[in-house]
Amino acid sequence: MAFDYDLFVIGGGSGGVRAARVAAQDTGAKVALAEEDRYGGTCVIRGCVPKKLMVFASGYAGLAQEAQAYGWDVSNKGFDWKAFQKKMHAELDRLEGIYRNLLKNAGVETFDSRARIADAHTVELADGTRKTAKHILIAVGGRPVKPAIAGAEHAITSNEIFDLESLPKSMLIVGGGYIASEFAGVMNGMGVETTQFYRGDQILRGFDDEARTVVAQEMVVKGVNLELNTNIAEMRREGAGIWVKDTNGVERSFDQVMFATGRAPNSDNLGLEDVGVALGRKGEVVVDEYSQTGVPSIYAVGDVTDRANLTPVAIREGMAFVETVFKGNPTKPDHDLIPTAIFTQPEMGTVGLSEEEAKAQEPIEVYSTSFKPMQQSFAGQAEKVLMKLIVSQANRKVLGCHIVAPGAGELIQLAGIAVKMGATKEDFDRTVAVHPTMSEELVTMKTPTRTG
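What counts, and at which threshold
Residues numbered from 1 in each chain as written. Predicted model: local features only at pLDDT ≥ 70, side-chain atom pairs only at ≥ 80, totals over all residues. Heavy atoms only, no water. Helix = DSSP H or I, 4+ residues; strand = E, 2+ residues; numbered from the N terminus. Rg over C-alpha atoms; globule rule 2.2 N^0.38 Å. Buried < 20%, exposed > 50% of the residue type's maximum accessible area, 1.4 Å probe, protein only. Contact = heavy atoms within 4.5 Å. Expected span 1.5 Å × (residues − 1). Pairing = 2+ DSSP bridges. Salt bridge = Lys/Arg side-chain N within 4 Å of Asp/Glu carboxyl O. Phe/Tyr/Trp six-rings, centres within 6.5 Å; stacked < 30°, edge-to-face > 60°. Lys NZ or Arg CZ within 6 Å of the ring centre and 35° of its normal.

## Digging into the overall build of the protein
Phase 1 of the analysis: The helix and strand inventory of the protein stands at 13 helices and 22 strands.
Phase 2 of the analysis: The C-alpha atoms of the protein give a radius of gyration of 24 Å, which matches the 22 Å a tight globule of 452 residues would have.
Phase 3 of the analysis: Each of the 452 residues in the protein was classed as buried or not, and the buried ones make up 49%.
Phase 4 of the analysis: Across the protein, contacts joining residues at least 24 apart in sequence account for 64% of those joining residues at least 6 apart.

Right, here's the structure in full:
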């Protein structure tokens, strides 16, 4: 059978665009891609990129005070949300244009349209046009979801926070994951009176206990009103604000409420189950280790598969798909030892096992140190950082590295290389310290803090 295309990609985010571009450019495949919204997906349009710009912007809050401690005559006249927002959206427009040009220059035909699966080799566009393809790749990502609470419609999610008309004076952020915790720091830094509810005992569940405790404590020191074991019981619009009653019976009002309580795969109404593609309990597309669904011609990558929901992982999965399907080189995307940065304030970087995970697996040694960094200490600030290594007693390999510090995301990228290569504690010890830096602590900790 002759197909219109060798590959049809549904979804113009990081994973889909990379797979489409590389398949067309490197193998000469005839490729098409459909995107119903903006090119660049969650990461570029309503995720990592604008969020990191907001993190940068909010981080300047204490700069004037710190600069004065170092002898500079600097004043802080406040934050102009509108000026920043205008420039941020201009940058997102620029990046979307780059994504479109990458596809165009690679020879990928694009359709600004929603698309759904009609059969194993056919895609139907919104206007009813049908296109056939030898292979179909689902790369439609995920979306934030609101909990089933009365009045939840009055709240926003991380999708809408970039488009606020003005900064609220007070804001409640509900959730304890990295998105909720990052935006709590951002809004607090921008001068918003920020409260964060989390129903559990501590934020950033799943990360190293010691590291997440340091993050939480420092967030509170910086001004975030963090309320643990607390959730919204009910909420309603009252005038210009939102009235909230929490699960402890406390009532108060906020100018804005944001839910960051989870995300769901965008697998709805794609026709997947009708053609035999299995969906999991949360709606994720079920794939094997080569990203192939139960229908041999249909593959899926990125957040819609709910494996490791990170932009670089989606890109790696897209590349592995091209290697497997178009280059004849079966390649499994590697989801082991993924370095991760959480852009809370303070920032956290992590790779490998937490102390709790490692302890459950084998006997370990823990090397941990917490201290005030020179730059902030000189300025009279109480900010603490944490450097931590988890080491196997049996083979001395570093099983995990956890950093809470300014620039932790930059540091963990390099530490991640060592951990991925299987470096031992002695390999770290043999490395000469770079002095004076915070990161030298990673190679100067000689005595275990504890064993387990």
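## A short note on helix α1 (residues 14-27)
Phase 1 of the analysis: Between its first and last C-alpha, α1 extends 19 Å over 14 residues, near the 20 Å set by a 1.5 Å rise per residue.
Phase 2 of the analysis: Counting buried residues along α1, 10 of its 14 residues qualify, which places the element largely inside the surrounding structure.
Phase 3 of the analysis: Regarding α1, the residues found buried are S14, G15, G16, V17, A19, A20, R21, V22, A23 and A24.
Phase 4 of the analysis: Looking at the buried residues of α1, the elements they touch are β1 (5-10), β2 (31-34), α2 (41-46), α5 (81-106), β6 (130-138) and α8 (311-325).
Phase 5 of the analysis: Just downstream of α1 lies G28, where phi reads positive at about 75 degrees.

## Section: unusual backbone geometry
Phase 1 of the analysis: Cis geometry marks the peptide bond from Q345 to P346; its omega dihedral reads 15 degrees.
Phase 2 of the analysis: Looking at the element boundaries, P346 is found in the loop between β17 (340-342) and β18 (348-352).
Phase 3 of the analysis: For the bond from H435 to P436, the omega torsion is -5 degrees, close enough to zero to count as cis.
Phase 4 of the analysis: Position of P436 among the secondary structure elements: in the loop between α12 (425-430) and α13 (441-444).
Phase 5 of the analysis: Here the phi dihedral of L337 falls at roughly 55 degrees; this positive angle occurs in a residue that is not glycine.
Phase 6 of the analysis: Its place among the elements puts L337 in the loop between α8 and β17.
Phase 7 of the analysis: When its relative accessible area of 25% is taken as the criterion, L337 is described as partly exposed.

## Looking at the pairing of β1
Phase 1 of the analysis: Most of β1 sits inside the fold, with 5 of its 6 residues counted as buried.
Phase 2 of the analysis: Sheet analysis places β1 next to β2, joined by 4 bridges and oriented parallel. In the strand pairing of β2, L7 is matched with V31.

## Considerations on the pattern of salt bridges
Phase 1 of the analysis: On inspection of all chains with the given rule, the structure shows 33 salt bridges.
Phase 2 of the analysis: The partner of R430 in a salt bridge is D427, with the nearest N and O atoms 2.3 Å apart. Of this pair, R430 and D427 both sit in helix α12, 3 residues apart, which is roughly one turn of the helix.
Phase 3 of the analysis: By relative accessible area, which is 60% here, R430 ends up exposed.

## What to know about helix α6 (residues 178-189)
Phase 1 of the analysis: In this model α6 runs 16 Å from its N-terminal to its C-terminal C-alpha over 12 residues, within 8% of the 16 Å that 1.5 Å per residue would give.
Phase 2 of the analysis: Within α6, 10 of the 12 residues are buried, which leaves it mostly tucked inside the rest of the structure.
Phase 3 of the analysis: Of all the residues in α6, the buried ones are A180, S181, E182, F183, A184, G185, V186, M187, N188 and G189.
Phase 4 of the analysis: Elements in contact with the buried residues of α6: α3 (48-59), β8 (170-174), β9 (193-198), α7 (209-222), β14 (256-259) and β17.
Phase 5 of the analysis: A positive backbone phi angle near 95 degrees is found at G191, which sits one or two residues after α6.

## Here we look at the packing of aromatic side chains
The geometry of two aromatic rings is summed up by the distance between their centres and the angle between their planes.
Phase 1 of the analysis: This model, assessed by the stated rule, comprises 8 aromatic pairs.
Phase 2 of the analysis: Here Y70 and F378 contribute two aromatic rings whose centre-to-centre distance is 4.6 Å and whose plane-to-plane angle is 40 degrees, an arrangement assigned as tilted. Of this pair, Y70 sits in the loop between α4 (63-69) and α5 while F378 is found in helix α10 (residues 374-378), placing the two residues 308 residues apart along the sequence.
Phase 3 of the analysis: With a relative accessible area of 39%, Y70 lands in the partly exposed category.
Phase 4 of the analysis: An angle of 75 degrees between the planes, with centres 6.0 Å apart, marks the rings of F321 and F326 as edge-to-face.
Phase 5 of the analysis: Through pairs of rings, three or more aromatic residues link up here, namely Y5, F8 and F111.
Phase 6 of the analysis: We note K30 situated over the ring of Y5; from NZ or CZ to the ring centre the distance is 5.5 Å.
Phase 7 of the analysis: Between R236 and the ring centre of W243, over which it is positioned, the NZ or CZ distance is 3.9 Å.

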